[in-house]
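Residue-level structural notes
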Amino acid sequence: IYLISLFSLLPYFKEQKNSNHKIIFNEAFKFGFINQSGAILHLLSFRASYFLLKQYAGENVLGVFSNGVSIVESIWLVSMSISMVQYGKIVNTQDNEFSKRLTINLTKFSMLISIVALAVLFFLPNSFFQFIFGKGFSEIHTVILYLIPGVFFLNSHLIVGHYFSGIGKYQVNTYGIVCGFLVTAIMLLIFRSNFGIVQAGITCSL
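Bear in mind that the values here come from a model prediction, so they are computed numbers and not experimental data.

A separate point is the packing of aromatic side chains. On inspection of all chains with the given rule, the structure shows 7 aromatic pairs. A centroid spacing of 5.7 Å and a plane angle of 80 degrees characterise the contact between Tyr50 and Phe65, whose relative ring orientation is edge-to-face. Pair noted here: Tyr50 is in helix α2 (residues 21-57) and Phe65 is in helix α3 (residues 59-73), with a separation of 15 residues, a long-range link. In terms of burial, Tyr50 and Phe65 fall into one category: buried. Between Phe133 and Phe137, the ring centres sit 5.8 Å apart and the planes meet at 45 degrees, which makes this aromatic pair tilted. With relative accessibility at 23%, the residue Phe137 sits in the partly exposed group.

Listed below in structure tokens is the structure:
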């Protein structure tokens with residue numbers, strides 16, 4: 001599909017004789033590299049705990065933790081949907097003050113929604129999760145409790161991060177993600193000899 005698309009675009013490039021394609025390519029590569037590097041580190045920060053948990057606690061504990069993470073991560077769907085609309089608005093305007101106001105208002109709205117959703121998960125009894133997943137998943141509620149702080153603040157990051165992406169400052173997001181990755185690495189080193197569900201939850205939240 002990529003090759004077909006590329007060849008179909010070649011006539012367009014030939015028509016644009018006055019365009020400096022080298023500059024355009026370099027800019028696209030630079031932004032793409034910064035953005036994708038951040039995305040990879042972000043994924044590693046989220047999933048690094050899985051490897052240690054499997055090694056020290058076993059696959060059963062990893063399964064419980066993974067289910068708990070999936071439940072809590074569903075809270076992000078609202079913020080992710082909002083950020084897509086926000087991003088489209090920001091890239092199509094030159095009014096930075098409008099972009100800032102929009103981002104602040106959407107961040108407040110997103111955090112309010114996440115507080116309500118996380119409160120529901122917080123007060124759900126352990127018996128509810130055992131009924132849904134079985135008796136072997138009694139610790140899912142513990143996973144959720146330790147992930148709630150991280151999920152709450154990541155909701156705001158999803159909105160604020162799309163503001164920086166929308167104005168072309170991808171490096172700001174990447175700097176933040178690098179900091180998060182370093183914190184994850186430090187916590188994994190601290191907990192490596194005693195790594196369980198609680199330690200994994202603390203690491204992911206931080």
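Next comes the rest of the write-up.
Over its 27 residues, helix α7 (residues 140-166) runs 37 Å from end to end, which matches the ideal 39 Å to within 8%, given 1.5 Å per residue. Burial within α7 is extensive, with 19 of its 27 residues counted as buried.

Attention now goes to the nonpolar core. Core analysis: the biggest nonpolar cluster contains 30 residues, and Phe65, Val72, Leu118, Leu121, Ile144, Val151 and Phe195 have the highest contact counts within it. Broken down by secondary-structure element, the contributors of at least two residues to this core are α2, α3, α5 (96-123), α7, α8 (170-191) and α9 (197-205). Take this core: its biggest share by element is 9 residues, from α7. Leave out the neighbours within four places in its chain, and Val151 touches Val72, Ile75, Trp76 and Leu118. If you look at the next biggest cluster of nonpolar residues, it comprises 6 residues, including Ile90, Leu102, Ile159 and Tyr163.

Another aspect to go through is the pattern of salt bridges. Under the defined criterion, the tally for this structure stands at 3 salt bridges. Taking the shortest distance from any N to any O, the salt bridge between Glu59 and Lys54 comes out at 3.8 Å. Classification of Glu59 by relative accessible area gives exposed; the value is 56%. Residues Glu97 and Lys100 are paired through a salt bridge, measuring 3.8 Å at the closest nitrogen-oxygen approach. Of this pair, Glu97 and Lys100 both sit in helix α5, 3 residues apart, roughly one helical turn.

Our focus in this paragraph is α5. For α5, which comprises 28 residues, the first-to-last C-alpha distance of 40 Å matches the rise-based estimate of 40 Å (1.5 Å per residue) to within 8%. Among all positions in α5, only Ser99, Leu102, Thr103, Leu106, Thr107, Ser110, Ser114, Leu118 and Leu121 are buried. At its buried positions, α5 is contacted by α3, α4 (76-91) and α7. One side-chain oxygen of the residue at the start of α5 lies 3.2 Å from the amide nitrogen of Glu97, identifying that residue as Asp95.

Analysis parameters
- Counting starts from 1 at the beginning of each chain's written sequence and moves along it residue by residue.
- Reporting in this predicted model follows two pLDDT cut-offs: at least 70 for local features of residues, and 80 or more for side-chain atom pairs to be given and counted; totals over whole chains, interfaces and linings ignore these cut-offs and use all residues.
- Hydrogens are left out, water is left out, and the side-chain values use all remaining heavy atoms of the structure.
- Side-chain rings of Phe, Tyr and Trp (the six-membered ring for Trp) are treated as a pair once their centres are within 6.5 Å; stacked means planes under 30 degrees apart, edge-to-face means over 60, and tilted covers the remaining angles.
- Numbered from the N terminus, helices here are DSSP runs of H or I no shorter than four residues, and strands are runs of E no shorter than two.
- Buried, partly exposed and exposed residues are distinguished by accessible area as a fraction of the type maximum, computed with a 1.4 Å probe on protein chains only: under 20%, between the cut-offs, and over 50%, respectively.
- Expected span of a helix: the number of residues minus one, times 1.5 Å.
- Side-chain atoms within 4.5 Å are what join buried Ala, Val, Leu, Ile, Met, Phe, Trp, Tyr and Cys residues into a set we call a nonpolar core.
- It only takes one pair of heavy atoms within 4.5 Å for two residues to be counted as in contact.
- Each salt bridge in this description consists of a side-chain nitrogen of Lys or Arg and a carboxyl oxygen of Asp or Glu lying within 4 Å of one another.
- Nitrogen and oxygen atoms within 3.5 Å of one another constitute a polar contact, given that in protein one can donate a hydrogen and the other can accept it, and given that sequence-neighbouring residues count only through two side-chain atoms.

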